[in-house]
Every structure is written in structure tokens, then in C-alpha cells.
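Summary of structural features
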Amino acid sequence: MKWAMDQLPDDQRAALIFREVEDLSYQEMAEAMGCSIGTVMSRLHYGRKKMQKLLRPYVREGRKT
């Protein structure tokens, strides 16, 4: 998955790492990144969408457990 993270712009990659790995709140992320909470939310949204697109070929659709 590192290869997919490397495809993201730096700001989106940082947002995903802060949220998903470091488990920071939006407020903590905004302070660390020097931006507004709205910008944090936008970076997360677009970063997640790009990750979904990149990883979609590796996920089987319709799997039943």
C-alpha cells in the first residue's frame, strides 16, 4: 500500500497519516498542518478517493463471508 500512498500529493498523504495512523482529531490536524479544519476535511476526502481509485483493482467485488 506504500506505493499507493506515494502517489498522493504531500498534503493529502500527511492528512491520511495523521488521521488513520496517528489518530489525530481534525483540530489537532489543522494545527499541525497550519490550515483550517475545512481544509483538513477536504484533503482527507480527496486523499481517500484517490486511494480508493488506486486500490480498486486489488479488491474483489461481491465477496461473501
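The structure reproduced in this document is the subject of the present report. Note that the structure is a prediction, hence the values are computed from the model and not measured.

By size, the foremost hydrophobic cluster in this structure holds twelve residues: Ala4, Met5, Leu8, Ala15, Leu16, Met29, Ala30, Met33, Cys35, Val40, Leu44 and Met51. Taken together, the elements giving at least two residues each to this core come down to helix H1 (2-5), helix H2 (10-21), helix H3 (26-33) and helix H4 (37-55). In contact with Met33, other than residues within four places in its own chain, are Asp11, Ala14, Ala15, Phe18, Val40 and Arg43.

Each α-helix winds once per 3.6 residues, and so residues spaced three or four apart point in a common direction. End to end, H4 covers 27 Å across 19 residues, agreeing with the expected 27 Å (1.5 Å per residue, within 8%). Within H4, the full set of buried residues consists of Val40, Leu44, Gly47 and Met51. All buried residues of H4 lie within an arc of 75 degrees about the axis, which places them on one face of the element. Each element contacted by the buried residues of H4 is listed here: H1, H2 and H3.

The relative placement of two packed helices is expressed as an angle between their axes plus a distance between the axes. Look at H2 against H3: their axes get within 10 Å of each other, and the N-to-C directions meet at 140 degrees. Between H2 and H3, the angle falls in the class oblique. Seen along the crossing, H2 lies across H3 with a hand that is right-handed. Here Asp11, Ala14, Ala15, Phe18 and Arg19 of H2 lie close against H3, whose contacting residues are Tyr26, Met29, Ala32 and Met33. Of the residues assigned to the contact of H2 with H3, the class counts are seven nonpolar, no polar and two charged.

Moving on: the layout of surface pockets. Approximately 190 Å³ is the volume found for the largest pocket. In this structure, the largest pocket is lined by Met1, Met5, Leu16, Ile17, Glu20, Val21, Arg48, Met51, Gln52 and Leu55. Those elements that provide at least two residues to the lining of the largest pocket are H2 and H4. Partitioned by chemical class, the residues of the lining of the largest pocket number seven nonpolar, one polar and two charged.

Criteria and cut-off values
- Residues numbered from 1 in each chain as written.
- Predicted model: local features only at pLDDT ≥ 70, side-chain atom pairs only at ≥ 80, totals over all residues.
- Heavy atoms only, no water.
- Core = buried A, V, L, I, M, F, W, Y, C linked by side-chain atoms within 4.5 Å.
- Buried < 20%, exposed > 50% of the residue type's maximum accessible area, 1.4 Å probe, protein only.
- Helix = DSSP H or I, 4+ residues; strand = E, 2+ residues; numbered from the N terminus.
- Contact = heavy atoms within 4.5 Å.
- Expected span 1.5 Å × (residues − 1).
- Arc of directions from axis to C-beta.
- Axes fitted to C-alpha atoms, helices over the stretch in contact; angles between N-to-C directions.
- Parallel < 35°, antiparallel > 145°, perpendicular 65-115°, else oblique.
- Left-handed = near helix turned anticlockwise from the far one by under 90°.
- Nonpolar A, V, L, I, M, F, W, Y, C, P; charged D, E, K, R; others polar.
- 1 Å grid on protein atoms, 1.4 Å probe; cavity = no way out; pocket = protein on both sides within 12 Å on 5 of 7 lines; lining within 4 Å.
- Points joined across faces, edges and corners; volume = space filled by probe spheres on them.

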